[in-house]
Structure formats: C-alpha cells, structure tokens
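Inside the fold
Listed below are the residues making up each chain.
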Amino acid sequence: RAGIRTVAVMEAATTAQQGADGLVPGQEPREYERVVRTAVSAGQLLTAIEVAREGLERFGETGCLRQQLALALVQTGALAAAREVLAAGRPGEVHDEETLCLLGRVHKEMWRRAADPRAADAAIQRACELYGEAFDRHESYYPGINLAFTLAAAGRRAQARQCARKVARQCAAA
C-alpha cells in the first residue's frame, strides 16, 4: 500500500546511498529508518511522517520509526498525536532514554503553549518527571540539561541548580 510519493522518496534516497548489497527500497526496516531520519533532519516533516507510518504499517513495531514519527509530529506542532504515538509503543520502550526525552519534549512544548496556568503547571511537572526518569536511569547530559531547565521553569530553582551542577561535572569529566 505504499503511496506513489513514499516510493519516490524511498527510491531517491536509496539511489544516492545504495550499497553493494543492492537493497530494493522498502525491503528493510533500516532503509525506512534512514529515509525518515534524513527527512526529519532536512525539515521534510510531512514526508517523514508518511514514510514512518508506511514503515510501521509494513514492518510492525520498530522503536526507531516510532520515535522518528513522534519527533516529526512534535516539530509540526501535533503534540497530542506525538504523545499517542509514543504511548502506543511496546511496554519496555517507554523507559528508554530517547522515548522518555521525546515525551518530556512533548510536555515541555505543551507547557510553552498552554493558556491555562493549571494545564501549564501539569505539563511542566510531567516534563520534569520524564526527564528525571531518563536522567536517573541513564545519567547522560541531554536529559540532565532538560531536567535542569524544566525544574527551573517549574520554580524548583534549588533542584535545578543541583542538577545543572551534576551535568556540568559529567561534561567536564568526559
């Protein structure tokens, strides 16, 4: 059921980078993942969404396609759709660093766009929880930086400073 546009994008991307193995466009989930990443990076978000959905339909669950679909949706402003895509993943996927950070980003964007102060507060608190879980589990700088920001935005300045110092120590040690 690949649409003509999806096939054309897959063929164009594959022609430029086709290896010795001679993959036919769309025969491997990795090819879809590569095309979607390239489209997101190039700002071709509608193409990325279309190709990611086609790949998920064709091959079933791949965490990478689901994450890239959610990222493209966030970048188009479709926050509720991005949240649904991420929540619909396999149970264990919701706790990997990238998914937690994408969910944190969705809630941070919801905070930024909220007109209602209660909705804004709920969104920034949820972003803190998600970035906090990612930072606790994986101790890498990306969720740590975002945790420090969301804690500060939530008015938890002492915790934000403590988190920022921990991230700074990690970066200095690297």
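Preceding block: the structure.
Reference entry: report on the structure contained in this document. Every chain begins its residue count from 1, and numbering advances along the sequence as written. At least 70 in pLDDT is required for a residue's local features to be given in this predicted model, at least 80 for side-chain atom pairs to be given and counted, and no such filter applies to totals for whole chains, interfaces and linings, which use all residues. For side-chain calculations, the full set of non-hydrogen atoms in the structure is used, while hydrogens and water are omitted.

**Topic: the pattern of salt bridges**
Two side chains carrying opposite charge are able to pair once their charged atoms lie near each other. Any Lys or Arg side-chain nitrogen found within 4 Å of a carboxyl oxygen on Asp or Glu counts as a salt bridge. Evaluated as defined, the whole model comprises eight salt bridges. In this structure, Glu61 and Arg66 form a salt bridge, with 2.2 Å as the shortest nitrogen-oxygen distance. Across the pair Glu133 and Arg137 runs a salt bridge, and its minimum N-O distance is 3.0 Å. Of the two residues, Glu133 and Arg137 are both situated in helix 7 (residues 117-138); the distance of four residues between them amounts to about one turn of the helix. Glu133 gets classed as partly exposed once you look at its relative accessible area, which sits at 23%. Residues joined by salt bridges that share partners form a network here, namely Glu109, Arg112 and Arg113. The secondary structure listing takes helices from DSSP runs of H or I that are at least 4 residues long and strands from runs of E that are at least 2 residues long, numbered from the N terminus. In this scheme, a residue with accessible area under 20% of its type's maximum is buried, one over 50% is exposed, and one in between is partly exposed, where area comes from a 1.4 Å probe on protein chains only.

**Considering the packing of helix 3 (residues 45-59) against helix 4 (residues 63-76)**
Two numbers describe a pair of packed helices, the interaxial angle and the distance between the axes. Where helix 3 meets helix 4, the closest approach of the two axes is 9 Å, and the angle between their N-to-C directions is 150°. The orientation of helix 3 relative to helix 4 falls into the category roughly antiparallel. In this structure, helix 3 crosses over helix 4, and the sense of that crossing is left-handed. Along the contact surface, helix 3 presents Leu45, Ala48, Ile49, Ala52, Arg53, Gly55 and Leu56, while helix 4 presents Leu65, Arg66, Leu69, Ala72, Leu73, Gln75 and Thr76. A class-by-class count of the residues in the contact of helix 3 with helix 4 yields nine nonpolar, three polar and two charged. A fitted line through C-alpha atoms serves as each axis, taken over the contacting stretch for helices, and the angle formed by two N-to-C directions is quoted from 0 to 180°. Under this scheme an angle from 65 to 115 degrees is roughly perpendicular, one under 35 degrees roughly parallel, and one over 145 degrees roughly antiparallel; angles in between are oblique. Definitions for this section: a left-handed crossing has its near helix turned counterclockwise from the far helix by less than a right angle. A right-handed crossing has that turn clockwise. Contacts were defined at the residue level, with two residues in contact if any of their heavy atoms lie within 4.5 Å. When residue character is reported, Ala, Val, Leu, Ile, Met, Phe, Trp, Tyr, Cys and Pro are called nonpolar, Asp, Glu, Lys and Arg charged, and the others, Gly included, polar.

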